[in-house]
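So you can see what is in the structure, the chains are spelled out below.
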Amino acid sequence: MKNVRDLFAIDGRVAVITGGAGLLGFQHASAIAAAGGIPVLIDISEQHAKAAAEKLAEEYGVASSYVIADITSHDAVAAACEEVLRRHGRADILINNAANNPKLENTTETNFSRFEHFPIAQWEADIAVGLTGALLCSQRFGTFMAEAGRGVILNIASDLAVIAPDQRLYRQEGTPEHLQPVKPVTYSIVKSALVGLTRYLATYWADKGVRVNAISPGGVHNGQPDEFVSRLSKLIPMQRMASLSEYQGSVLFLCSDASSYMTGTNLIVDGGRTVW
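Predicted model, so just to flag it, every value in this text is computed and none were measured.

Calculation rules
Residues numbered from 1 in each chain as written. Predicted model: local features only at pLDDT ≥ 70, side-chain atom pairs only at ≥ 80, totals over all residues. Heavy atoms only, no water. Pairing = 2+ DSSP bridges. Helix = DSSP H or I, 4+ residues; strand = E, 2+ residues; numbered from the N terminus. Axes fitted to C-alpha atoms, helices over the stretch in contact; angles between N-to-C directions. Contact = heavy atoms within 4.5 Å. Polar contact = N/O pair within 3.5 Å; in protein donor to acceptor, adjacent residues only side chain to side chain. Parallel < 35°, antiparallel > 145°, perpendicular 65-115°, else oblique. Left-handed = near helix turned anticlockwise from the far one by under 90°. Nonpolar A, V, L, I, M, F, W, Y, C, P; charged D, E, K, R; others polar. Salt bridge = Lys/Arg side-chain N within 4 Å of Asp/Glu carboxyl O. Buried < 20%, exposed > 50% of the residue type's maximum accessible area, 1.4 Å probe, protein only. Arc of directions from axis to C-beta.

(A) Molecular detail of the sheet that holds strand S6 (residues 210-217). In space, the seven strands of this open sheet follow the order S3-S2-S1-S4-S5-S6-S7, with parallel pairing throughout. Every other strand in the sheet has two partners, leaving strand S3 (65-68) and strand S7 (266-269) as the edge strands with one partner each. On average, each strand axis in the sheet is tilted by 20° relative to the strand beside it, whichever way the strands run. With four bridges connecting them, strand S2 (residues 38-43) and S3 associate as parallel partners. Looking across to S3, one finds that Asp-43 is bridged to Ile-68. Its contacts with the sheet place helix H5 (residues 120-148) against strand S1 (14-18), S2, strand S4 (93-96), strand S5 (151-156) and S6, and it is angled at close to 170° to S4.

Below, the structure is given as structure tokens:
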């Protein structure tokens, strides 16, 4: 029987994190690095990815690195997978984290975020990054894991994969009704679909030693307007948003042997919001 602390150790395991230079992507990578893993950040921005990988290496003393790739492209994902395997010879963990999250500040003659006017180009872009990207990365890295007989895929969903957006959170006093901002439809669609992809892959590769789970985090406090934070906090039993690092424990749990008998699960970490 393993020591309980050893269950969470992932020494030497290579973890590929899409959108790894982003706000939460870096936090996921930090959790991996702190537990002895080797984070490889896949991102479309070389400037941000390079800076994030260097910061991880300096802070945790791990051989963190980055690969620049557009995960909406089949060829780019294939090349990224080949590069990771060339460097490390293995890929043990895939965290599908990349997603579009359009800002809601566009209030012109018609607010783009409202369902009636939501642009098909924005729909296609959001689906491509958040869902097609997860599919392509899972195909490549997941197939390698299945052939190796071991691996973990973690899909980053959202509390909005479980509940509908409360559009009252985004209302602006004095703004005409047809211009009121709302959470775009694509965010809910992508995050809900990721949970479906999780269940599909969990059963598809169950006999290959590949575990596939999802995490549905709630809102993260990151400089949002005080009014928004106050409104959202009232919907959460713990009466606050999450801090940036509060999902690291859940991510590490699902990526490590501590969750060795879990697959197909959507772990909700939202301060209790979806309970109400």
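(B) Molecular detail of the environment of Asp-75. Residue position: Asp-75 is located in helix H4 (residues 74-88). Among the polar contacts made by the side chain of Asp-75, one reaches the side chain of His-74 at a distance of 3.5 Å.

(C) View of the packing of H5 against helix H6 (residues 185-204). Following both chains from N to C, one finds H5 and H6 inclined at 15°, their axes separated by 9 Å at the closest point. Classified by the angle between their axes, H5 and H6 sit roughly parallel to one another. Between H5 and H6 the crossing geometry is right-handed. The residues of H6 that touch H5, namely those facing Trp-123, Asp-126, Ile-127, Gly-130, Leu-131, Ala-134, Leu-135 and Ser-138, are Val-185, Thr-186, Ile-189, Val-190, Ala-193, Leu-194, Leu-197 and Leu-201. Residue composition of the contact of H5 with H6, by class: 12 nonpolar, three polar and one charged.

(D) Focus on the pattern of salt bridges. Considering all chains together, one arrives at 12 salt bridges under this definition. A salt bridge links Glu-116 to Arg-114, with the shortest nitrogen-to-oxygen separation between them at 3.9 Å. Relative accessible area serves as the criterion here: at 57%, Glu-116 is assigned to the exposed category. With a relative accessible area of 15%, Arg-114 lands in the buried category. In this structure, Arg-231 and Glu-227 form a salt bridge, with 3.0 Å as the shortest nitrogen-oxygen distance. You can see Arg-231 and its partner Glu-227 sitting in helix H7 (residues 226-233), four residues apart, about one turn around the helix. Judged by its relative accessible area of 23%, Arg-231 is partly exposed. Exposure remark for Glu-227: the relative accessible area of 48% places this residue in the partly exposed category. A network of salt bridges, in which partner residues are shared, links Arg-13, Arg-150 and Asp-257.

(E) Local environment of H7. For H7, the set of buried residues is Phe-228, Val-229, Leu-232 and Ser-233. Along the axis of H7, the buried positions cluster into a sector of 125°, meaning they face one direction only.

(F) Highlighting the environment of Val-251. Structurally, the position occupied by Val-251 is in helix H8 (residues 248-255). The exposure class assigned to Val-251 is buried, which follows from its relative accessible area of 0%. It is 9.0 Å that separates the C-alpha atoms of Val-251 and Ile-95, two residues lying 156 residues apart in sequence. For Val-251, the residues in contact, after removing those within four places along its chain, are His-28, Ile-95, Leu-154 and Ile-215.

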